[in-house]
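Each chain, written out:
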Amino acid sequence: MKKRLFAGLIASAMMASMLAGCGGSSGSNGNAQGGDKASGDGYSMTLIMSLRDEFLSTLEAGSKSAADELGVTLASQDAQNDTGKMLQFIESAKNAGDDAVLINLVDAATAQQCIEAAGDMKVVFVNRAPSDTSVLEAGKSVAVGYYQGEFLANYFKDKGKTEIKYLMLQGTLGLVHTEQRSASVLKALEDNGIKATQAAAPLVADYDRANAMDMISPLLGNTEFDCIIANNDAMALGAVEALKAKGMDPTSIPIVGIDATVDGIQAIKDGTLAMTVFQDANGQGYGAVKAAVNLIEGKAINDGTNYETDETGNICWVPFEPVTPDNVADYE
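Worth saying up front: this structure is predicted, and the values here are computed from it rather than measured.

Colleague: For the packing of helix 8 (residues 209-216) against helix 9 (residues 233-245), give the residues involved together with the corresponding values.
Modeller: Interhelical geometry of helix 8 versus helix 9 gives an angle of 45° and a closest axis separation of 7 Å. Taken as axis vectors, helix 8 and helix 9 run oblique relative to one another. As helix 8 runs across helix 9, the sense of the crossing is right-handed. On helix 9, the residues touching Arg-209, Ala-212, Met-213 and Ile-216 of helix 8 are Ala-234, Met-235, Leu-237, Gly-238, Ala-239, Glu-241, Ala-242 and Ala-245. Along the lines of polarity and charge, the residues of the contact of helix 8 with helix 9 split into nine nonpolar, one polar and two charged.

Structure (structure tokens):
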């Protein structure tokens, strides 16, 4: 059961102490707040999610599990995709005397605003990277879409095709991982000898299933395409629903997603989704709390874990894993 085995890991997203530790250097508070208590015991934190969808709800559950284990008091808030609300929640956490805030950014460009709003609190960004984190230009986040492209390249090569047309459902524009997921899948196709051209302009569905269904529906039956590429499972499943609503068979073309959500895994078992890519939402939440405790206590962000870090020590990674009909049983 891979999801259980990966508990406590951050699966190929990111969490960062943001340069100087987000509200002071990573050692600025040292153990002053911790005294002689056990690591994490007595600290208070707030998790602020961009919104509460299936993936982030699982991340929230992982955070609460870590908090219970480490003796941390953890509150959680839903910013409802509103940066203003996110900043208000950060201010409220600061005013309440929290030791740290865990942030799933609404807008990757507002990371510095979040850091400034946090004051002396430690800050951990989880799942969504700040847009000014240059390490992501060639970082491991590129791999997630690359897995989609490799799968599709093998699929079409087996059918003797080297030229394809695709429809792409993109997440929120401006987010680093939207750009990376979109670019890396096309790079993988190119690297593997597949000439891929868009059947229509990318559809920006903001990682939402209903939006994806609404946006792709007008193209079905009017546009020739060989596959549907989605930046997450929710949008991939929106495409599946749209095809069914049009009386079309979603198993007739490969539809690929990312996240390995419960619904995404079931769709692979049903044959309506060709593949997805696993990132451990529960583990990301767990790891974010652990990283925050480490920052408060002046330790390395990955202290006491087997997390990989970048060369700065500010970002923790664990590789994504492709999920296909061949290995889907490992992720149930």
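There is more to say, and it comes next.
Colleague: With reference to specific residues and values, describe the sheet that holds strand 3 (residues 100-103).
Modeller: Across the sheet, four strands lie side by side as 2-1-3-4; this open sheet has parallel pairing. The open sheet terminates on both sides in strands that have one partner only, identified here as strand 2 (73-78) and strand 4 (122-125). Going across the sheet, the axis of each strand differs from the next one's by a mean of 20°, ignoring polarity. Relative to strand 2, strand 1 (residues 44-49) is paired through six bridges, and the arrangement is parallel. Among the inter-strand pairings, Met-45 is bridged to a residue of strand 2, identified as Leu-74. Together, strand 3 and strand 4 form the strand contacts of helix 5 (residues 111-118), whose direction differs from that of strand 4 by roughly 155°.

Colleague: Report on the pairing of strand 4, specifying residues and quantitative values.
Modeller: Neither face of strand 4 is exposed, since Lys-122 and Val-124 on one face and Val-123 and Phe-125 on the opposite face are all buried. Inspection of the sheet shows strand 3 paired to strand 4 by four bridges, in the parallel sense. Paired with Ala-100 across the bridge in strand 4 is Lys-122.

Colleague: Account for the nonpolar core, naming residues and giving values.
Modeller: With 35 residues, the main nonpolar core has Leu-167, Leu-169, Ile-216, Ile-228, Met-235, Ile-255 and Val-323 as its most contacted residues. Ranked by residue count, the leading element in this core is helix 9, at seven residues. Setting aside residues no more than four positions away along its own chain, Val-323 makes contact with Ala-260, Ile-265, Ile-268, Met-275, Thr-276, Val-277, Phe-278, Val-328 and Tyr-331.

Colleague: Can you break down the side chain of Gln-279 residue by residue, with the values?
Modeller: Mapped onto the elements of the fold, Gln-279 is located in the loop between strand 10 (276-278) and helix 11 (281-296). Separated by 2.8 Å, the side chains of Gln-279 and Gln-284 make a polar contact.

Colleague: Talk me through the packing of aromatic side chains; I want residue IDs and the actual numbers.
Modeller: Counted by the stated rule, this structure contains two aromatic pairs. Ring plane angle 90° and centroid distance 5.0 Å describe the contact between Tyr-155 and Phe-156, whose orientation is recorded as edge-to-face. The interplanar angle of 55° and the centroid separation of 5.1 Å between the aromatic rings of Phe-278 and Tyr-331 together place this pair among those described as tilted. On the criterion of sequence distance, the pair formed by Phe-278 in strand 10 and Tyr-331 in the segment after strand 13 (321-323) is long-range, its members being 53 residues apart. Overall, Tyr-331 belongs to the buried group, its relative accessible area being 3%.

Colleague: Residues and numbers for helix 9, please.
Modeller: Compared with an ideal rise of 1.5 Å per residue, which puts 13 residues at 18 Å, helix 9 spans 18 Å between its outermost C-alpha atoms and is within 8% of the ideal. Among all positions in helix 9, only Asp-233, Met-235, Ala-236, Leu-237, Gly-238, Ala-239, Val-240, Ala-242 and Leu-243 are buried. Close packing links the buried residues of helix 9 with strand 5 (163-170), helix 8, strand 8 (227-230), strand 9 (255-256), helix 10 (262-270) and strand 10. Where helix 9 terminates, the next one or two residues include Gly-247, which has phi positive at roughly 75°.

Colleague: Residue-level account of the environment of Asn-104, with values.
Modeller: Of note, Asn-104 is situated in the loop between strand 3 and helix 5. Remark: the alpha-carbon pair of Asn-104 and Pro-130, spanning 26 residues in sequence, is separated by 9.8 Å. With residues up to four places along the chain from it excluded, the contact list for Asn-104 reads Ile-48, Met-49, Ser-50, Leu-56, Met-86, Val-126, Asn-127 and Arg-128. Side chain to side chain, Asn-104 and Ser-50 meet in a polar contact 2.6 Å long. Here Val-126 takes part through its backbone oxygen, which lies 3.3 Å from a polar atom of the side chain of Asn-104.

Colleague: How would you sum up the pattern of salt bridges? Please name residues and give values.
Modeller: A complete count under the given rule lists nine salt bridges for this structure. Glu-91 serves as the salt-bridge partner of Lys-94, at 3.2 Å between the closest nitrogen and oxygen. Remark: Glu-91 and Lys-94 occur in helix 4 (residues 83-95); sequence separation between them is three residues, near one turn of the helix. Under the relative-accessibility criterion, Lys-94 is labelled partly exposed at 31%. Here Arg-209 makes a salt bridge to Asp-263, at a shortest N to O gap of 2.9 Å. Linking Arg-209 in helix 8 with Asp-263 in helix 10, this pair joins segments that are 54 residues apart in sequence. By relative accessible area, which is 26% here, Arg-209 ends up partly exposed.

Basis of the calculations
- Residues numbered from 1 in each chain as written.
- Predicted model: local features only at pLDDT ≥ 70, side-chain atom pairs only at ≥ 80, totals over all residues.
- Heavy atoms only, no water.
- Axes fitted to C-alpha atoms, helices over the stretch in contact; angles between N-to-C directions.
- Helix = DSSP H or I, 4+ residues; strand = E, 2+ residues; numbered from the N terminus.
- Parallel < 35°, antiparallel > 145°, perpendicular 65-115°, else oblique.
- Left-handed = near helix turned anticlockwise from the far one by under 90°.
- Contact = heavy atoms within 4.5 Å.
- Nonpolar A, V, L, I, M, F, W, Y, C, P; charged D, E, K, R; others polar.
- Pairing = 2+ DSSP bridges.
- Buried < 20%, exposed > 50% of the residue type's maximum accessible area, 1.4 Å probe, protein only.
- Core = buried A, V, L, I, M, F, W, Y, C linked by side-chain atoms within 4.5 Å.
- Polar contact = N/O pair within 3.5 Å; in protein donor to acceptor, adjacent residues only side chain to side chain.
- Phe/Tyr/Trp six-rings, centres within 6.5 Å; stacked < 30°, edge-to-face > 60°.
- Expected span 1.5 Å × (residues − 1).
- Salt bridge = Lys/Arg side-chain N within 4 Å of Asp/Glu carboxyl O.

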